[in-house]
Amino acid sequence: MAVRCGIVGLPNVGKSTIFNALTNYPFCTIEPNQGVVAVNDPRLDALAALLRPKRTVPAVMEFLDIAGLVKGASKGEGLGNQFLGHIRQVEAVAHVVRCFIDDDITHVHDRVDPVRDIQIIETELMLSDLASLEKRHKSMVQKARFGDKDSKALLTLFETLMAGLDAGVPVRRQKLTDADQLAVRELFLLTAKPLMYVCNVSEDEVAAAQRPGEHPLVDAVRTIAQEEGAGLVAICGAIESEIAELNAEERRAFLADLNLEESGLDRLVRSAYNLLGLMTYFTAGPQEVRAWTIPQSSSAYDAAGAIHSDFQRGFIRAEVIAYKDYIASGGELGAKEKGLLRVEGRDYPVVDGDVMHFRFNV
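How each quantity is defined
- Residues numbered from 1 in each chain as written.
- Predicted model: local features only at pLDDT ≥ 70, side-chain atom pairs only at ≥ 80, totals over all residues.
- Heavy atoms only, no water.
- Helix = DSSP H or I, 4+ residues; strand = E, 2+ residues; numbered from the N terminus.
- Expected span 1.5 Å × (residues − 1).
- Buried < 20%, exposed > 50% of the residue type's maximum accessible area, 1.4 Å probe, protein only.
- Contact = heavy atoms within 4.5 Å.
- Pairing = 2+ DSSP bridges.
- Axes fitted to C-alpha atoms, helices over the stretch in contact; angles between N-to-C directions.

## Concerning helix α8 (residues 216–228)
The first and last C-alpha atoms of α8 sit 19 Å apart over 13 residues, in line with the 18 Å expected at 1.5 Å per residue. Within α8 the residues assigned to the buried category are Val218, Asp219, Val221, Arg222, Ile224, Ala225 and Glu228. Buried-residue contacts for α8 involve β5 (92–98), α4 (114–145), β6 (195–200), α7 (206–209) and β7 (231–235).

Laid out in structure tokens, this is it:
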């Protein structure tokens with residue numbers, strides 16, 4: 001599954017700079033830029049180095065760069081309704097917040113204030129959700145009056161959501177039952193989507209921004225993220241632009257000079273995976289080594305379906321080797337000889353990093 005992440009923010013916060021660095025995709029101001037990025041996973045590299053397959057296929061993440069939102073976007077300011085509609089397509093939202101001061105780059109509200117910027121974007125998203133619910137609420141009231149049971153149940157949910165939004169609480173922070181959360185997924189509400197904050201900092205502050213207490217602007221966003229249970233990544237758009245032009249060896253040296261262990265993209269992707277509750281398993285052989293993205297707590301049956309519906313429909317068993325055992329044993333044959341290959345049924349709970357082979361019959 002390709003994870004889709006929408007990048008939003010006010011104008012001039014560095015949003016498109018970060019997107020272009022991550023995806024090397026052309027800039028566009030009206031239609032959302034869309035780019036697919038390979039997910040860097042050292043485990044996939046290790047499997048490929050061991051097996052030397054004809055093809056290595058990483059997991060991917062899809063980014064959508066949504067043109068800068070402005071105050072009043074929910075009412076159509078700055079073509080806001082069009083851009084807000086694009087956000088409904090994604091599974092997660094990355095809100096880029098400007099946390100750097102540069103007199104040469106004008107801030108749309110004259111001064112850098114990440115807390116205010118977050119409140120502006122959040123307000124516009126909540127107003128858009130409220131308008132969407134109010135529009136559908138009217139027709140639902142009529143259906144409920146005529147005895148439609150489904151409409152009566154949804155009517156209560158709608159009124160709960162609307163009251164929360166009216167009080168300034170985004171849907172993701174409202175206390176909903178599991179059943180209500182399932183129903184909310186079908187509404188494609190903007191503030192129901194998992195959110196992470198991406199703090200765009202200056203090049204000389206990127207290392208300090210990773211450590212709480214050393215960057216006041218990032219710390220202000222970090223406090224909000226902790227209160228909301230949101231993700232947070234501090235990166236430098238300028239650095240990511242430079243990294244995008246380097247080969248693997250140059251990249252490692254460049255990051256080491258900055259006292260960074262990994263790029264902003266890698267941290268952003270990992271944060272998105274955690275936010276969405278995702279994990280990775282692998283299929284490995286002489287023809288292909290591939291990473292597959294699935295939800296945490298997936299069963300072997302679910303994992304088989306990620307490859308093809310035929311694998312799921314004709315599922316017989318899964319042959320499973322833990323990643324560390326696979327590497328330590330030199331591959332599948334060595335793992336078999338050591339008794340480390342397990343045969344599992346359809347209900348087996350897949351563990352992140354499992355190397356799997358499916359037997360099926362259709």
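Read on, since the account is not over.
## Comments concerning the side chain of Asp219
By secondary structure assignment, the location of Asp219 is in helix α8. With near-sequence residues (within four places) excluded, Asp219 lies in contact with Arg211, Pro212, Gly213 and Glu214.

## Examining helix α1 (residues 15–23)
Burial runs high along α1: 7 of the 9 residues are buried. For α1, the full list of buried residues reads Lys15, Ser16, Ile18, Phe19, Ala21, Leu22 and Thr23.

## Comments concerning the sheet that holds β7
Spatially, 6 strands are ordered β2-β4-β1-β5-β6-β7 in an open sheet, and the strand pairing comes out mixed. Sheet topology places β2 (33–38) and β7 at the edges, where each strand pairs with a single neighbour. Averaged over all pairs of adjacent strands, the angle between their axes in this sheet comes to 25 degrees, without regard to strand direction. Relative to β5, strand β1 (residues 3–8) runs parallel, the two being bridged by 4 bridges. Residue pairing for β5: Cys5 is matched across the bridge by Ala92. Running over the sheet, α8 touches β5, β6 and β7 and is turned about 175 degrees from β6.

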